[in-house]
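The primary structure of each chain is shown beneath.
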Amino acid sequence: MIYIFGSGLAGLSAAISLHKSGYKVTVISKKIDGGSSYWAKGGIAAAVGNDDSPELHLSDTLKVGDGLCDVKSVDYVTREIRYVVSAVEKWGFRFDEGLRLEGGHSKRRVLHKTDETGREITSFLLNLAKKEGINLVEDKLLALKVKDCKVVGFVTEKGGSFDAEKVVLATGGYGYLFKFTSNPSTNVGDGIAIAFRTGALVSDMEFVQFHPTVTTFDGKAYLLTETLRGEGAILLNEKGERFAFNYHSKGELAPRDVLSRAIYDQYKKGHIVYIDLSPIEDFDEKFPVLSEYIKRYGKKLQVFPGAHYTIGGIRINVRGETNIKGLYAIGEISDSGLHGANRLASNSLAEDLVYGVNLPIYIDNWEGVSVNDAKETVEVKLNDGNSLSLDEIREYNWNYLGIVRNGEGLSKLVKVYETADLNDNATLVSLLSAKGALLRTESRGTHYREDYPNKSWEDGKRIYFVVSRN
């Protein structure tokens, strides 16, 4: 039996692919119909257009990744996603006609299903998993059992202790650990913390991508997809000034980190920022779900940046393998090196599918991750300490680990977490992220230090964390 934790796009695609390849699979999730895949708006980046190629997709990914991408991983995903999309279509999923353009892409290459691609494809896979008779269990992972750097089982809240030789973690990222976010409340980094405690190597925790255009509908955060700007939406302040070109030559189609800082800077200067959707032609047809909200709220919406995607996580190779034999990590929980220091739009769902659908190819032939790109490997002691509430953690992280960072704030934050209870998953993950941000004395991709505003480290070098056994 192969146990998969997480029922988002990565977990479900892996489960279905393994099942169709003849493996027995059980999917365990805190909430079977939860996770952030369901919330993804834009689509799946794949070089399927006549004027496009995997080489161009690779080039765009490397450019946005700002010198930290693992080229092997980028080459793997940008090549394989075309075949994986075909496999999912053979399972019965249908994308809408036409390709969309998003920031950082040189071509229209974003496959989509209405303006709720994540919801549509995740719902499809969940229904397919049920139809295929895959065992789906609602439960919470508490711990992994590891002996001699090899998985031997796990412990869950309801089921207790299980023996297992193969465990796939697909539990998502930690974007909800910030006060302003586009993430569901389940995304607090549980899987990363649990794997880290058992010896999994974790990296790139300082890189948190903030989405520039989050709004609120009916009192709840709502992500305004990047494809809106690809289709012509513009950003304005309350004076009607179209300010984005003051920060980047591509204006509204600049990389997300640049736009997030631009909007953040506008607010710091006392402005209010809006997105104007009126330039988009055939809006109701292109964005049918959002159009229902627009009927009530209008086409000029106030926006703010929010934590959206966490690049850091459990270090893996292109096979999804960690440094613990039998333990796999796929999707946002992992650090494959695909995204580098900044994720190219719609590459996350592509990564989910490639690592999920292709897992049967590698599941019986273990190699394990090897590391040759460490700038620094830091041991972290798991001390007991003061208990922090989730609300306190989210406030701390937004204030000191947010869009613009500095050494003084990060030092304060690290001290808070080092004296807190590191048995708590949210606290431990926040410490790793804060510590990575403090140690990286440069600005690169999503990580911006106002006291170190330039990129100064050697390209391709990352910070690793490992649990201290002393």
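Scoring rules and cut-offs
Residues numbered from 1 in each chain as written. Predicted model: local features only at pLDDT ≥ 70, side-chain atom pairs only at ≥ 80, totals over all residues. Heavy atoms only, no water. Helix = DSSP H or I, 4+ residues; strand = E, 2+ residues; numbered from the N terminus. Expected span 1.5 Å × (residues − 1). Buried < 20%, exposed > 50% of the residue type's maximum accessible area, 1.4 Å probe, protein only. Axes fitted to C-alpha atoms, helices over the stretch in contact; angles between N-to-C directions. Parallel < 35°, antiparallel > 145°, perpendicular 65-115°, else oblique. Contact = heavy atoms within 4.5 Å. Nonpolar A, V, L, I, M, F, W, Y, C, P; charged D, E, K, R; others polar. Core = buried A, V, L, I, M, F, W, Y, C linked by side-chain atoms within 4.5 Å. Pairing = 2+ DSSP bridges.

(A) Looking closely at helix α14 (residues 425-439). An ideal rise of 1.5 Å per residue puts 21 Å on 15 residues; α14 measures up with 21 Å between its terminal C-alpha atoms. Among the 15 residues that make up α14, 13 are buried, leaving the element largely enclosed by the rest of the structure.

(B) Representation of the packing of helix α3 (residues 71-90) against helix α10 (residues 347-357) within the structure. At their nearest, the axes of α3 and α10 sit 8 Å apart, and the two run at 75 degrees to each other. It follows that α3 is roughly perpendicular to α10 by the angle criterion. Contacts between α3 and α10 involve Ser73, Tyr76, Val77, Glu80, Ile81, Val84, Ala87 and Val88 from the former and Ala350, Glu351, Leu353, Val354, Tyr355 and Val357 from the latter. For the contact of α3 with α10, the class distribution of residues is eleven nonpolar, one polar and two charged.

(C) Structural view of the nonpolar core. Of all hydrophobic cores here, the largest spans 108 residues; its most connected members are Ile4, Ile44, Leu144, Phe154, Val167 and Leu169. Residues in contact with Phe154, not counting those within four places in the same chain, are Tyr3, Phe5, Ile28, Leu141, Ala143, Leu144, Lys145, Gly160, Ser161, Phe162, Ala164 and Val167.

(D) The arrangement of the sheet that holds strand β11 (residues 208-217) in detail. Judged by pairing direction, the sheet is antiparallel, and its three strands sit side by side in the order β12-β11-β16 without closing on themselves. If you trace the sheet from one side to the other, it starts and ends with β12 (220-223) and β16 (304-310), each paired once. Direction aside, the axes of adjacent strands within the sheet are offset by 55 degrees on average. Two elements, β11 and β12, share four bridges in a ladder whose sense is antiparallel. Considered in β12, the bridge of Thr216 is made with Ala221.

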